[in-house]
Amino acid sequence: MFQTFKTVLARDILLATRRRTDVLTALFFFLIVISLFPLGVGIESEVLRRIGPGVVWVAALLASMLALERLFASDFADGTLEQMLLVPQPLGIVVFAKVTAHWLLTGLPLVLIAPLIGLQYHLPGATQGVMMLALLLGTPVLSLIGAIGAALTLGLRGGGILISLLVLPLYIPVLIYGSGAVSASMMDGAAVQAYLFILGAFLLLAVVFSPWATAAALRISVE
Amino acid sequence: MAINWFKYASPATFYPLAGRMIPWFAWLAIILTLFGLYWGFFETPSILTDQKQYYRIIFVHVPAAWMSMWLYVVLAGWAIIGLVFNTRLSYMMAAAVAPTGAMFTFLSLWTGAFWGKTSWGTWWDWDPRMTSELILLFLYVGYMALHSAIDDTRRADRASALLAVVGVVLVPVIFWSINCPDPNQCAALHQQSSFKGVESNILLAMLVLSIAFWMYSFAVAFMRVRNIILERERNTQWVRELPEVCE
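Attention in this report is confined to the structure presented alongside it. (Residues numbered from 1 in each chain as written. Chains lettered and ligands numbered in written order. Predicted model: local features only at pLDDT ≥ 70, side-chain atom pairs only at ≥ 80, totals over all residues. Heavy atoms only, no water.)

Moving on: the overall build of chain A. Counting secondary structure elements, chain A contains nine helices and zero strands. Helices and strands in chain A line up, N terminus first, as α-α-α-α-α-α-α-α-α. Its C-alpha atoms give chain A a radius of gyration of 18 Å, within 12% of the compact-globule value 17 Å for 223 residues. The principal-axis extent of the C-alpha atoms belonging to chain A is close to 55 × 35 × 30 Å. For chain A, the residues scored as buried account for 56% of the 223 residues in total. Taking contacts inside chain A between residues at least 6 apart in sequence as the whole, the part at least 24 apart equals 81%. Taking the 11 positively charged and 10 negatively charged side chains of chain A as two groups, their mean positions are separated by 6 Å. (Helix = DSSP H or I, 4+ residues; strand = E, 2+ residues; numbered from the N terminus. Rg over C-alpha atoms; globule rule 2.2 N^0.38 Å. Buried < 20%, exposed > 50% of the residue type's maximum accessible area, 1.4 Å probe, protein only. Contact = heavy atoms within 4.5 Å. Lys, Arg positive; Asp, Glu negative; His and termini not counted. Charge placed at Lys NZ, Arg CZ, Asp CG, Glu CD.)

Next up, the structure:
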């Protein structure tokens, strides 16, 4: 079973490294959205510090959502996905491997670039650490929940806009506690730990249930 | 006594049954609505000043909010039954309930906005309950959008049913996170919601109108499910033999 996981993971990462622009577009989308906000709301450092946590998380939500379409689409188009549904190993493992690869390529870059955002929005040093940690816990949840939506809208016309309608309301808890953690770290004496624990709990629940639900959705969509 | 639970799981047997039940639910809805509104407007004690009469929105607002949440549970329940037993009629019921649920969600938001304008002086506030209701509207819209985006009815039914199940699992988490954005203060933030403080006549009108809205939901969902049945089964023999179709 672990062998299956490793094989699918290695395959998806290899495919992505052959098409590097796909990875970079999500990252640059994230950067552009974040750079647009100061132009729209004003560049006073006080304002930026207040809206920073929310903006980072909304941008992360949108970036991970836009990248979702590619999660299954190319495999579906060339028929690989149908073969994957036929393998004797549990489909949940295959799905989990694909989502992991997807997160490594679209979620992890957001985590790594976070300190740069912190500089743009004049966030203090400790806050940047919390932001990276919160994104590290939160972005996999986004990928895992989003995978369900991606599987449900597989091969539909206008799937991209539809997926946002399905998935964005489900992202709300991560948004609230993710940006809550970053905001709390800027206040004196507020405990950040509770936010991170809750994000961690979301991650564990999503890891357990999401691949299973995604597998069920794939079986419905490809039949 | 053995009851054949699946007898009415077939569209062919359920269609006439629903047709016979619609008048009952419709009349109950009309009578109870009239009674509830009358009681709410004329039989409640006038303990409040004239400026505070806007509170009577409560007789529509609260039942609508209750129904909006209950109908989502009903929708998800039919979705689960459909996924488990693979009965076509369950999916049709789920699809028939969704627009009514979305309508009640919108109604409770709309009446809530009127209430907010008169009592708080604002149309909208990011109060946890209002936000939860707004998110519920998004979930209904997502369900209906997915259902209508897929041409193949079998896939549309099953995919949107799965979405409804995922939604109903996440709804408590979403509502809880909206109610308690700061996990360090969760224990302190407990919304009081109890019938004890409500005057008994007001409570009576509210409950009667809730039942009225429920009966209305039955009637409308049955009408809609009959339409869905006719649309999907239009190529079958029994539909062609229906008196209303023959003519």
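Opposite the 26 residues of chain A that make contact, chain B presents 29 residues. Together chain A and chain B conceal approximately 2500 Å² of surface at their shared face, both sides included; 72% is due to carbon and sulfur atoms. On the chain A side of the contact with chain B, Leu152, Leu170 and Ile220 of chain A bury the most area, a combined 23% of that side's loss. Our count for the chain A to chain B interface comes out at zero salt bridges. By residue number, the principal contributor to the side of chain A that touches chain B is helix α9 (residues 193-221) of chain A, which donates nine residues. (Buried area = accessible area lost by both parts, 1.4 Å probe. Salt bridge = Lys/Arg side-chain N within 4 Å of Asp/Glu carboxyl O.)

Right, let's talk about the pattern of salt bridges for a bit. All names here are of chain A. With the rule as written, the count across this model stands at six salt bridges over all chains. In this structure, arginine 11 and aspartate 75 form a salt bridge, with 3.0 Å as the shortest nitrogen-oxygen distance. Highlighted residues: arginine 11 in helix α1 (residues 2-18) and aspartate 75 in helix α3 (residues 45-77), separated in sequence by 64 residues. In this structure, lysine 98 engages aspartate 12 in a salt bridge whose closest nitrogen and oxygen atoms are separated by 3.0 Å. Taken together, the residues span a long stretch of sequence, with lysine 98 in helix α5 (residues 91-120) and aspartate 12 in helix α1 at a distance of 86 residues. You can call aspartate 12 buried: its relative accessible area is 11%. Residues joined by salt bridges that share partners form a network here, namely Arg11, Asp12, Asp75 and Lys98.

Residue and element names in this part refer to chain B. Summed over all chains, the structure comprises 19 aromatic pairs over all chains. Aromatic pair phenylalanine 14 and phenylalanine 222: ring centres 5.6 Å apart, planes at 65°, arrangement edge-to-face. A residue pair is termed long-range when its members are at least 10 positions apart, and phenylalanine 14 in helix α1 (residues 11-42) and phenylalanine 222 in helix α6 (residues 200-232) qualify at 208 residues. Pair check on accessibility: phenylalanine 14 and phenylalanine 222 agree, each one buried. On the numbers, 5.9 Å between centres and 55° between planes, the contact of phenylalanine 25 with phenylalanine 222 is tilted. Of the two residues, phenylalanine 25 is situated in helix α1 and phenylalanine 222 in helix α6; the sequence distance between them amounts to 197 residues. On the accessibility criterion, phenylalanine 222 (6% relative accessible area) is buried. Of the aromatic side chains, those joined through ring pairs into one cluster are Phe14, Phe25, Trp70, Trp214, Phe218 and Phe222. Across from the ring centre of tyrosine 15, 4.2 Å away, lies the NZ or CZ of arginine 226, which sits over that ring. (Phe/Tyr/Trp six-rings, centres within 6.5 Å; stacked < 30°, edge-to-face > 60°. Lys NZ or Arg CZ within 6 Å of the ring centre and 35° of its normal.)

Let's shift gears to the environment of tyrosine 171 of chain A. All names here are of chain A. For tyrosine 171, the location among the structural elements is in the loop between α7 (159-167) and α8 (172-186). On the accessibility criterion, tyrosine 171 (0% relative accessible area) is buried. Separated by 113 residues in the primary sequence, tyrosine 171 and valine 58 have C-alpha atoms spaced 9.8 Å apart. Ignoring sequence-local partners within four residues, the contact set of tyrosine 171 consists of Leu61, Ser64, Met65, Leu68, Leu142, Ile145 and Gly146.

Further remarks concern the side chain of serine 164 of chain A. Residue and element names in this part refer to chain A. You can see serine 164 is positioned in helix α7. Since its relative accessible area comes to 16%, serine 164 is described here as buried. Polar side-chain contacts of serine 164 include one of 2.5 Å to the backbone oxygen of isoleucine 161. Filtering out sequence-adjacent residues up to four positions away, serine 164 remains in contact with Met65 and Pro169. (Polar contact = N/O pair within 3.5 Å; in protein donor to acceptor, adjacent residues only side chain to side chain.)

On their own, these measurements won't tell you what the molecule is for.
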